[in-house]
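Secondary and tertiary structure notes
Spelled out, the chains give:
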Amino acid sequence: MAAALPREKQLPDNREIVILESVSRAPGRTAVQIDVLTLFPQMFEGPMGLSMMWKAQERGLLHLRLHDLRNWGEGRRRQVVDTPCGGGGGMILRADVLVRAIEEVRSDSTQPVILLTPQGRVFNQQVAGELAQEERLLLVCGHYEGVDERVRQLAISDEISIGDYVLTGGELAAMVVIDATVRQLPGVLGADDAAARDSHADGLLEGPHYTRPTDFRGLQVPELLLSGDHGRISTWRRRQSLLRTMQRRPDLFAAAHPGDEELDWLARHRADGQLPDT
Ligand SMILES: C[S@@+](CC[C@H](N)C(=O)[O-])C[C@H]1O[C@@H](n2cnc3c(N)ncnc32)[C@H](O)[C@@H]1O
């Protein structure tokens with residue numbers, strides 16, 4: 001069950017609901033403010049209220065503000081969608097509602113406004129790194145058939161897709177973007193360089209991990225990892241990372257520029273029949 005969120009606040013003008021807000025800002029750390037416009041703010045409660053995303057907020061590194069789009073809805077029923085012009089099924093998020101919401105939530109014209117859409121540039125670790133440089137982001141989640149084209153024209157500065165498939169709404173995509181971006185901020189993960197060791201941080205996949213028990217169903221932890229020799233362990237990890245990338249993602253390996261010694265080592269292992277001839 002999702003943890004109960006510790007803070008919930010309704011602003012006096014009744015137009016903005018802040019469900020999660022950080023408690024204090026850690027001195028000397030870079031913090032990011034992320035505003036999200038969504039029809040379903042409740043969807044964020046579990047993923048953003050637990051684990052590292054919650055810690056990031058507790059440490060004052062992430063100020064997450066969830067805004068319910070219905071607060072900008074039209075009329076008694078707070079209408080936010082309408083039928084598509086020209087016919088066809090589904091509902092479209094209205095331009096007047098969305099643009100007004102964006103303009104009211106956005107702190108100034110320098111805050112990037114990102115629409116989550118399967119038609120955007122494809123998100124990856126590098127894009128997450130770019131977003132982690134920003135102090136403020138505004139993420140706009142579409143739903144149903146999507147958003148009126150004029151929202152893109154008038155109020156969107158970037159469009160991001162999390163992959164070549166179609167989700168029901170932009171909420172899951174926004175959470176993927178927030179998680180991958182925020183974990184790159186110094187101080188969010190325990191050790192400051194932990195994110196730098198992850199797969200894709202330097203263009204390679206990370207090598208295998210082990211923990212106790214050292215013998216499990218006849219499979220042993222490599223002896224070197226128990227030796228305490230940090231120099232040799234570091235070389236082993238780098239080689240395993242190259243090996244794994246070569247085996248699983250030859251497209252990434254091609255851009256990795258391994259050294260001559262590393263290429264020799266890989267060639268020897270390929271000759272041993274340990275690697276497919278990619
Ligand atoms: C059902 S989709 C609409 C898809 C739209 N009719 C199209 O073909 O481009 C509803 C919303 O989910 C979000 N969405 C769906 N797939 C996504 C993806 N791969 N990446 C980011 N957002 C996505 C977008 O916000 C989109 O407006």
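This text goes with the structure placed above it.
Only a predicted model underlies this, so the values are computations on that prediction, with no experimental measurement involved.

**Regarding the site of the ligand**
- Near the ligand you find 20 residues, and of these Leu116, Gly142, Leu167, Gly170 and Ala173 are the closest.
- Among the secondary structure elements, those contributing two or more residues to the shell around the ligand are strand S7 (113-122) and helix H6 (170-182).
- For the shell around the ligand, the element with the highest residue contribution is S7, accounting for 4 residues.
- Here the shell around the ligand is composed, by residue class, of 9 nonpolar, 10 polar and 1 charged.

**Details of the environment of Gln42**
- Relative to the assigned elements, Gln42 resides in the loop between strand S3 (32-38) and helix H1 (45-48).
- Linking Gln42 and Glu171, residues 129 residues apart in sequence, is a C-alpha distance of 9.9 Å.

**Section: the environment of Gly73**
- Mapped onto the secondary structure, Gly73 falls in the loop between strand S4 (62-68) and strand S5 (81-82).
- Each C-alpha atom of the pair Gly73 and Arg94 lies 9.2 Å from the other, and the pair is 21 residues apart in sequence.
- Excluding residues that lie within four positions of it along the chain, Gly73 makes contacts with Arg78, Gln79, Val80 and Val97.

**Description of the nonpolar core**
- Counting residues in hydrophobic clusters, the biggest one holds 48 residues, and the most contacted among them are Ile102, Ile114, Leu116, Leu139, Val140 and Ala174.
- In terms of residue count, H6 provides more of this core than any other element does, 7 residues in total.
- For Leu116, the residues in contact, after removing those within four places along its chain, are Leu139, Val140, Cys141, Gly142, Ile160, Gly170, Ala173 and Ala174.
- The next biggest cluster of nonpolar side chains, apart from the first, holds 6 residues, and it includes Leu204, Leu242, Leu243 and Phe253.

About the cut-offs
- Residue positions are given per chain, counting from 1 as you read along its sequence in written order.
- Only residues with pLDDT of at least 70 are given local features in this predicted model, and only at 80 or more are side-chain atom pairs given and counted; all residues enter the totals for whole chains, interfaces and linings.
- Only the C-beta atom, placed from the backbone, is used; a residue is near a molecule or strand if that atom lies within 6 Å of it.
- The secondary structure listing takes helices from DSSP runs of H or I that are at least 4 residues long and strands from runs of E that are at least 2 residues long, numbered from the N terminus.
- In the scheme used here, Gly and all other residues not listed as nonpolar or charged are polar, with Ala, Val, Leu, Ile, Met, Phe, Trp, Tyr, Cys and Pro taken as nonpolar and Asp, Glu, Lys and Arg as charged.
- By the criterion used throughout, residues are in contact when their C-beta atoms, derived from the backbone, lie within 7 Å.
- Throughout this description, the term nonpolar core refers to a group of buried Ala, Val, Leu, Ile, Met, Phe, Trp, Tyr and Cys residues whose C-beta atoms join them within 7 Å.
- Three exposure classes are used. Buried residues have 20 or more other C-beta atoms within 10 Å of their own C-beta, exposed residues have 12 or fewer, and partly exposed residues fall in between, all C-beta atoms being placed from the backbone.

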